[in-house]
Amino acid sequence: MPAVANATEKRRQEVLRAIITDFIASQEPVGSKALVERHHLNVSSATIRNDMAVLESEGYIAQQHASSGRIPTEKGYRAFVDSLGEVKPLSTAEKRAIATFLEGGVDLEDVLRRSVQLLAQFTRQAAVIQVPTLRVARVKHCEVVPLSPLRLLLVLITDTGRVDQRNVELDGPINQDQVARLRDTLNEALHGKTLRDASVSLAAILQDPPVDIAHHLLRAATILIETMVDQPTERLIVAGASNLTRLGHRAAPAALAGLIEALEEQVVVLKLMSDLPDFGDVAVSIGDENEDEGLRSASIVTTAYGSEQTGALGGLSVVGPTYMDYLGTISKVSAVARYVSRILSGE
């Protein structure tokens, strides 16, 4: 809505907020009498009806039938979202539930899976998270574990918490001193580098390797380069898609089917997450603001997770009906993203 210029406009903004709040709670059209009774607006029903007529003429609300109350339009939801102030904090119990559940993750993917399960449960909508690829990672450490004199285990650890393990078959025995030298040589070349730069660095040291570990280094570096070049494709973890079936009484069956199909088509959601908001911010897209036709019956709340050091590692979204609880959803998405970020950064 335009900036509030006078008391009348301010009241109409309050009326719009009240209509949207009531509709989100009930999914039933809202009448003027109910607004006066529930929200103590200190004006008559006639004044509220006049305000509602103006809001309808401006496209913020609509009337489905001549005798029915009003429902918000996408333009109304957008004005409502844009007028929201600070995100309301979660309760102590909710914060404790998030921390306890996420900290129980055994590895990166388990933490991410738990995050979307929790969000789907909290919001009763669908939740989606990107799994970080090796492309955005930097090498934290490469551990070299001797399994036998002729076999090594390489453990590549990135700053995203990803762990890749590879076996290396050697063409001659290796002793403990050589294992230590190999470990130091590899880490000198790898530490702190992106996967692309690390593979280039490994190729460079093979041009002039230490003589006593040259053969072992060649075998190990070859395996590591293959690991870093053969990066996994981007993918998503989705939870709570079945929650969207409750859209059935508000959305046409075709729209509901299109929404669920869009979620299953990971390319669609990956495209959505290719333009993440600035780190720490939350973006909300409503109905026709979504490019993909299958998502035009939904609203999507998206944020990024990661850290100041790594930047955004991926996106985290909740997908639900346009009548979702925007304020509650935004606060829950923000909170879960913060907890995921802390866990990945080792805090």
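Residues numbered from 1 in each chain as written. Predicted model: local features only at pLDDT ≥ 70, side-chain atom pairs only at ≥ 80, totals over all residues. Heavy atoms only, no water.

What about the pattern of salt bridges?
Right, so step 1: With the rule as written, the count across this model stands at 14 salt bridges.
Right, so step 2: Between Glu 56 and Arg 70 there is a salt bridge whose closest N-O contact spans 3.1 Å. Note that Glu 56 is positioned in helix H3 (residues 45-57) and Arg 70 in strand S2 (residues 70-72), a separation of 14 residues in sequence.
Right, so step 3: Here Asp 110 and Arg 114 are joined by a salt bridge, their closest N and O atoms 3.3 Å apart. Remark: Arg 114 and Asp 110 occur in helix H6 (residues 108-123); sequence separation between them is four residues, near one turn of the helix.
Right, so step 4: Residue class for Asp 110 comes out partly exposed when judged on its relative accessible area of 21%.
Right, so step 5: A network of salt bridges, in which partner residues are shared, links Arg 11, Arg 12 and Asp 51. (Salt bridge = Lys/Arg side-chain N within 4 Å of Asp/Glu carboxyl O. Helix = DSSP H or I, 4+ residues; strand = E, 2+ residues; numbered from the N terminus. Buried < 20%, exposed > 50% of the residue type's maximum accessible area, 1.4 Å probe, protein only.)

Some thoughts on the domain arrangement of the protein
Many authors give the size of an interface as the accessible area that is lost as the parts come together.
Right, so step 1: In terms of domain boundaries, the protein breaks down into domain 1 (1-83), domain 2 (92-132 + 234-345) and domain 3 (138-229).
Right, so step 2: Centre-to-centre, using C-alpha coordinates, domain 1 lies 64 Å away from domain 3. (Domains from an automatic or database assignment.)

What about the sheet that holds strand S5 (residues 151-158)?
Strands belonging to one sheet form pairs held by backbone hydrogen bonds; the direction of such a pair is parallel or antiparallel.
Right, so step 1: Within the open sheet, the three strands sit side by side as S4-S5-S6. Their pairing is antiparallel. Every other strand in the sheet has two partners, leaving strand S4 (139-148) and strand S6 (163-169) as the edge strands with one partner each. Looking at each pair of strands side by side, their axes are set apart by 20° on average, direction ignored.
Right, so step 2: Where S5 meets S6, seven bridges bridge the pair, whose relative direction is antiparallel. (Pairing = 2+ DSSP bridges. Axes fitted to C-alpha atoms, helices over the stretch in contact; angles between N-to-C directions.)

What about the nonpolar core?
Right, so step 1: In this structure, Val 15, Leu 35, Ile 98, Leu 112, Tyr 305 and Tyr 326 are the most contacted members of the largest nonpolar core, which totals 54 residues.
Right, so step 2: Counting residues per element, this core draws most heavily on helix H12 (residues 326-344), which supplies nine residues.
Right, so step 3: In this structure, this core is formed jointly by two domains, domain 1 (1-83) and domain 2 (92-132 + 234-345), each of which donates at least three residues.
Right, so step 4: Setting aside chain neighbours within four positions, we find Val 15 in contact with Leu 35, Leu 41, Ile 48, Asp 51, Met 52 and Leu 55.
Right, so step 5: Core analysis: the next-biggest nonpolar cluster, separate from the first, contains 23 residues, Ala 137, Leu 190, Ala 198 and Ala 221 among them. (Core = buried A, V, L, I, M, F, W, Y, C linked by side-chain atoms within 4.5 Å. Contact = heavy atoms within 4.5 Å.)

A word on the pairing of strand S3 (residues 126-131)
Right, so step 1: The buried fraction of S3 amounts to six of the six residues, a majority that puts the element mostly inside the structure.
Right, so step 2: The alternating pattern of S3 places Ala 126, Val 128 and Gln 130 and Ala 127, Ile 129 and Val 131 on opposite faces, both of which are buried.
Right, so step 3: Of the pairings in the sheet, the one linking S3 to strand S10 (residues 311-321) comprises four bridges and is antiparallel in character. The residue bridging Ala 127 from the neighbouring strand is Val 318, located in S10.
Right, so step 4: Pairing of S3 with strand S7 (residues 235-239), which is carried by five bridges, proceeds in the antiparallel orientation. Across the sheet, Ala 127 pairs through a bridge with Ala 239, a residue of S7.

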